[in-house]
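# Observations on the three-dimensional arrangement
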Amino acid sequence: MFGDFYFDCCVSRHLVIDFVLLSLSSLYYQDIIVNVALIWTDPYIIPFTFLSVRMIPTEDASARKREIEDKLKQEQETLSFIRESLEKSDQLTNGMVSILSSFESRLMQLENSIIPVHKQTENLQRLQENVDKTLSCLDHVISYYHVAKDTDKIIREGPAGRLNEYLVCIAKIQKAVEYFQDNNPDSPELNTVKARFEKGKELLEAEFRSLLTRYSKPVPPILILDAIGGDEDIEVQEDVTLEHLPEAVLQDIICISLWLVEYGRNQDFMNVYFQVRSSQLDRSIKGLKEHFRKNSATTAIHSPAVQAKRKETPTKKAPKRPVYIPGTIRKAQNLLKQYSQHGLDGKKGSNLTPLEGFDHDLRGVKHLSDDKHAAVAGKDDVLDVEIDSYIHCISAFVKLAQSEYVLLTEIIPEHHQKKTFDSLIQEALDNLMLEGDNIVSAARRAIMRHDYSAVLTIFPILRHLKQTKPDFDTTLQGTAASTKNKLPALITSMETIGAKALEEFADSIKNDPDKEYNMPKDGTVHELTSNAILFLQQLLDFQETAGAMLASQESSSSASSYSSEFSRKLLSTYIYKVLGNLQLNLSNKAKVYEDPALRAVFLHNNYNYILKSLEKSELIQLVAVTHKRVESSYRELIEQEIQNYQRSWCKVTEHLTERNLPALMPGTKLKDKERQIIKDKFKGFNDGLEELCKIQKVWAVPDKEQRDAIRHAQKRVVSDAYKAFLQRCANISFTKNPEKYHRYTPEQVGDMIDKLFDTSA
């Protein structure tokens, strides 16, 4: 009878409730089943997906109705309460809106009243500030008119002793000048403050010069020597700081420099700086040179600080070859000169030291007197000091220049530093280069006089210049090309003159004239040999330098491109060339001797001296770099000359041979002719022995080992032959006066030969 009905709707919650209540009051159903599918999207709106109501009549409809009515009544009461609450809420809201509207109205009224007052007050404050600023500007402007008067006393007294206060006054004057230039350029006050500013600037420049001049002092020589590490005996050297100016003075000079750069608008103070510092740099180097002159070359020239270090620091091992030993070169030159004047002599009265194993015994030689020798030695010592002084001055220049550059960077603006430094070092550098050029010129003049020992002076200087060149180039980096090229030019000049001296020396050895009066009468070592060997020995201390000299003259490229090994080979070839020229010249000189035996002794002595000298020094190893057989070649020459000498005794021993000797039988009666032959043999032997011993006794074989060997070999040959001859003639009656012919026993003959080459026997 009753069916189900469905509807989809989206209605108000109140409408749903009313609809349900209305349906329930109109119909009676046993059962009501309401299925509602809801999607709540609004508190007051109920969207129904579907509403399914099935009304089923029941028997207890009245009870259900009352129950429903009761519930409905409760719901109505609840609904009434909610409605009342909403009404009250609306009343409260309206009240609050009324209050806020009233507050806003009153606030607008207050704002309209306050804003005009605020604006008026702000205008008044602005006016007050303008008045204050105007007064301040007036005071400031008025102060410019009083600057000249206010600063007059301080400016007149100068900046000495109160630099900061003085700079403050100068700043005031500078501002006054700028003000009048901008605002009143025709004002007489502008000229006044300009004049005052220029006066102040001049006094600042004068103070800059005064401080720099007053406190710039030459660096003491002892401190320079400590800075350059002049003490080779100290294993560890501490860096020595060179302080050119007191710290307080330096800070004042820096302040003045900064001001002059910013406001001075000129560079005069930079010229003053390089002039003053250049003078002190030059004076420092000259002071070091004078220090060397006043002290002996053998005296330790170091500061007390260094002396104390020496006591506390273990001395290091002596270097194999020191950079420069004062006196070595000059003594070698002195020896060369004495050799050339007197020959080789080891006796008292000569300053020469014989080669080990040699007994030099030239006779009839005049020696330098003690006074003359002392004078020569004194001059030599002075020259030693000059060489050592120049070497140290070069190192001192580099060290001082580095120190000057550090000082300069603190005072001179960066973009002017290189130019100022270039000007600063010119005077000292030019003096050193001039002195170097003088050394080169002196060497050139000496070479023209054929005094090749003068080149020895250049070697230690040139070596030191080349060792110093890297530091020199680093120090002068950024200077003009002409400045940087001065040291390389001096090195090139020394290498050129040195190479020329070496080549001309080799040629002079080859072309030394054969003069009889210049030949040693006893066949000893010729002065040319001793000169040449001594010269070559000095090259050992400067192998790289001498090799570089020779390499610099190679046409294929510059000397700098050669390796040290190539330079060593060049030096080896050069020494071998000198030895070859010497050997050729000695062979030619030996022809002056008419006696072949003396010629052989002469060549033997010279060859042996050369070999011994080569072996004693490192020359033999140096020559062997390019010529391996040099030692064996000289030994062959020595042996050959010994054999040539021994031939001189053939005219003595030939009388002892059996040639033309008759058959000698004991008891046989000899014919007169046979007896005469025996007599002639004895006489020839005796006369020849006496003559040779007399002649050769005054000859010289300086090498004791060689002398003894020659004597022993000759004694053996002659004595054995003489003994054999005596045995053949024993018991043979060839004369009534046998003692007339049998003058010497074999022992006496041996003794006579032992006295050869010995005038004292």
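Residues numbered from 1 in each chain as written. Predicted model: local features only at pLDDT ≥ 70, side-chain atom pairs only at ≥ 80, totals over all residues. Heavy atoms only, no water.

### Quick word on the overall build of the protein
- What the protein contains, in helices and strands, is 25 helices and four strands.
- Classification of the 761 residues of the protein by burial places 41% in the buried group.
- Accessible surface, the protein: about 42,300 Å² in total, of which carbon and sulfur atoms supply 53%. (Helix = DSSP H or I, 4+ residues; strand = E, 2+ residues; numbered from the N terminus. Buried < 20%, exposed > 50% of the residue type's maximum accessible area, 1.4 Å probe, protein only. Areas by Shrake-Rupley, 256 points an atom, 1.4 Å probe, with all protein chains shown as cover.)

### Things to note about the confidence of the model for the protein
- Put simply, the protein has an average pLDDT of 79, and 76% of its residues get 70 or more.
- Segment residues 24–53 is flagged for pLDDT under 50; beyond a separation of four residues in sequence, or across chains, it makes 80 contacts in the model.
- The model gives residues 360–378 a pLDDT under 50, and that stretch makes 38 contacts with residues more than four places away or in other chains. (pLDDT = per-residue confidence, 0-100. Contact = heavy atoms within 4.5 Å.)

### With respect to the packing of helix α14 (residues 486–511) against helix α17 (residues 564–590)
- Close contact between α14 and α17 brings their axes to 7 Å; oriented N to C, the two are set at 20 degrees. Relative to α17, the element α14 is oriented roughly parallel. The element α14 and its partner α17 pack so that their crossing is left-handed. Residues Leu502, Glu503, Phe505, Ala506, Asp507, Ile509, Lys510 and Asn511 of α14 form the contact with α17, whose participating residues are Tyr574, Lys577, Val578, Asn581, Leu582, Leu584 and Asn585. (Axes fitted to C-alpha atoms, helices over the stretch in contact; angles between N-to-C directions. Parallel < 35°, antiparallel > 145°, perpendicular 65-115°, else oblique. Left-handed = near helix turned anticlockwise from the far one by under 90°.)

### Some words on the packing of helix α4 (residues 188–215) against helix α6 (residues 247–264)
- Between α4 and α6, whose axes approach to 10 Å, the crossing angle comes to 145 degrees. At the point where α4 passes α6, the crossing takes the left-handed sense. Contacts from Phe197, Lys201, Leu204, Glu205, Glu207, Phe208, Leu211, Leu212 and Tyr215 in α4 reach Val249, Asp252, Ile253, Ile256, Ser257, Trp259, Leu260, Tyr263 and Gly264 in α6.
- Grouping the constituent residues of the contact of α4 with α6 by class yields 12 nonpolar, two polar and four charged. (Nonpolar A, V, L, I, M, F, W, Y, C, P; charged D, E, K, R; others polar.)

### Some thoughts on the environment of tyrosine 263
- Residue position: tyrosine 263 is located in helix α6.
- According to the relative accessible area criterion, tyrosine 263 is partly exposed, its value standing at 29%.
- Considering only alpha carbons, one finds tyrosine 263 and alanine 171, 92 residues apart in sequence, at a separation of 9.4 Å.

### A look at the nonpolar core
- Core analysis: the biggest nonpolar cluster contains 165 residues, and Phe397, Tyr574, Tyr645 and Trp649 have the highest contact counts within it.
- Excluding residues that lie within four positions of it along the chain, phenylalanine 397 makes contacts with Leu281, Ile285, Ile425, Ala428, Leu429, Leu432, Phe472 and Leu476. (Core = buried A, V, L, I, M, F, W, Y, C linked by side-chain atoms within 4.5 Å.)

### Regarding unusual backbone geometry
- If you check the backbone angles, histidine 450 has positive phi at about 65 degrees while not being a glycine.
- Among the secondary structure elements, histidine 450 is positioned in the loop between α11 (414–448) and α12 (455–475).
- Owing to a relative accessible area of 57%, histidine 450 belongs among the exposed residues under this scheme.
- Look at phenylalanine 757: it is not a glycine, yet its phi comes out positive at around 60 degrees.
- With respect to the element layout, phenylalanine 757 can be found in the segment after α25 (746–754).

### What about the pattern of salt bridges?
- In the structure shown here, the tally under the stated rule is 27 salt bridges.
- Put simply, arginine 196 and aspartate 152 hold a salt bridge, and the shortest N to O gap is 3.2 Å. Here the residue arginine 196 occupies a position in helix α4, and aspartate 152 occupies one in helix α2 (residues 61–157), the gap between them amounting to 44 residues.
- You can call arginine 196 buried: its relative accessible area is 18%.
- The partner of glutamate 157 in a salt bridge is arginine 162, and the shortest N-O contact between them spans 1.8 Å.
- The exposure class assigned to glutamate 157 is partly exposed, which follows from its relative accessible area of 46%.
- Among the charged side chains, a salt-bridge network with shared partners connects Lys683, Asp687, Glu690 and Arg743. (Salt bridge = Lys/Arg side-chain N within 4 Å of Asp/Glu carboxyl O.)

### Focus: the packing of aromatic side chains
- Tallying each qualifying case throughout the model produces 15 aromatic pairs.
- A ring pair is formed by tyrosine 145 and phenylalanine 180, whose centres lie 5.0 Å apart and whose planes are at 85 degrees; its orientation type is edge-to-face. Of this pair, tyrosine 145 sits in helix α2 while phenylalanine 180 is found in helix α3 (residues 163–183), placing the two residues 35 residues apart along the sequence.
- Put simply, the rings of Tyr145, Tyr179 and Phe180 pair up and form one aromatic cluster. (Phe/Tyr/Trp six-rings, centres within 6.5 Å; stacked < 30°, edge-to-face > 60°.)

### Re empty space enclosed by the protein
- With the rule as written, the count across this model stands at two cavities of 30 Å³ or more.
- Space inside the second largest cavity adds up to approximately 30 Å³.
- Lys217, Val219, His244, Arg277, Gln280, Leu281, Ser284, Leu400 and Glu404 together form the lining of the second largest cavity.
- Mapped by element, the contributors of at least two residues to the lining of the second largest cavity are α7 (268–294) and α10 (370–411).
- Broken down by element, the residue count for the lining of the second largest cavity peaks at four residues, all from α7. (1 Å grid on protein atoms, 1.4 Å probe; cavity = no way out; pocket = protein on both sides within 12 Å on 5 of 7 lines; lining within 4 Å. Points joined across faces, edges and corners; volume = space filled by probe spheres on them.)

### Side note on the side chain of threonine 545
- As for its position among the elements, threonine 545 is in helix α16 (residues 543–552).
- On the basis of relative accessibility, which here comes to 4%, the residue threonine 545 falls in the buried class.
- Excluding its chain neighbours within four sequence positions, the residues that come into contact with threonine 545 are Phe459, Leu462 and Arg463.

### Observations regarding the environment of glutamate 654
- By the secondary structure assignment, glutamate 654 is in the loop between α21 (650–653) and α22 (672–697).
- Judged by its relative accessible area of 37%, glutamate 654 is partly exposed.
- Counting along the chain gives 30 residues from glutamate 654 to glycine 684, while the straight-line C-alpha distance between them is 9.1 Å.
- Look past the residues within four positions of glutamate 654 in its chain and what remains in contact with it is Arg659 and Lys681.

### What to know about helix α18 (residues 596–616)
- Helix length check: α18 (21 residues) gives 30 Å between terminal C-alpha atoms against 30 Å at 1.5 Å per residue, within 8%.
- Within α18, 16 of the 21 residues are buried, which leaves it mostly tucked inside the rest of the structure.
- Among the residues of α18, the N-terminal cap falls to aspartate 595, whose side-chain oxygen and the backbone nitrogen of alanine 597 are separated by 2.9 Å. (Expected span 1.5 Å × (residues − 1). Polar contact = N/O pair within 3.5 Å; in protein donor to acceptor, adjacent residues only side chain to side chain.)

### With respect to α22
- Here α22 spans 37 Å end to end across 26 residues, near enough to the 38 Å set by a 1.5 Å rise per residue.
- Every buried residue of α22 is listed here: Ile678, Lys679, Lys681, Phe682, Gly684, Phe685, Asn686, Gly688, Leu689, Leu692, Cys693 and Gln696.
- Where α22 is buried, its residues contact α18, α20 (630–646), α21, α23 (704–729), α24 (738–741) and α25.

### Comments concerning a nonpolar patch on the surface
- A surface patch of nonpolar side chains, amounting to about 410 Å² of accessible area, comprises Phe103, Leu107, Leu110 and Ile114.
- Looking at the secondary structure, you find leucine 107 in helix α2.
- Judged by relative accessible area, leucine 107 falls into the partly exposed class, the value being 44%. (Patch = residues over 30% accessible without salt bridge, like charges linked within 9 Å, V, L, I, M, F, W, Y side chains within 5 Å.)

### What about the environment of glutamine 696?
- Inspection of the secondary structure assignment puts glutamine 696 in helix α22.
- A relative accessible area of 0% means that glutamine 696 is categorised as buried.
- C-alpha of glutamine 696 to C-alpha of valine 601: the two residues are 95 residues apart in sequence and 9.7 Å apart in space.
- Filtering out sequence-adjacent residues up to four positions away, glutamine 696 remains in contact with Ala597, Tyr645, Ser648, Trp649, Leu756 and Phe757.
- Of note is the side chain of glutamine 696, whose polar atom sits 3.4 Å from the side chain of tryptophan 649.

### Focus on the side chain of serine 257
- Its place among the elements puts serine 257 in helix α6.
- Not counting residues within four places of it along the chain, the set of residues in contact with serine 257 comprises Phe208, Phe269, Ile411 and Ile412.

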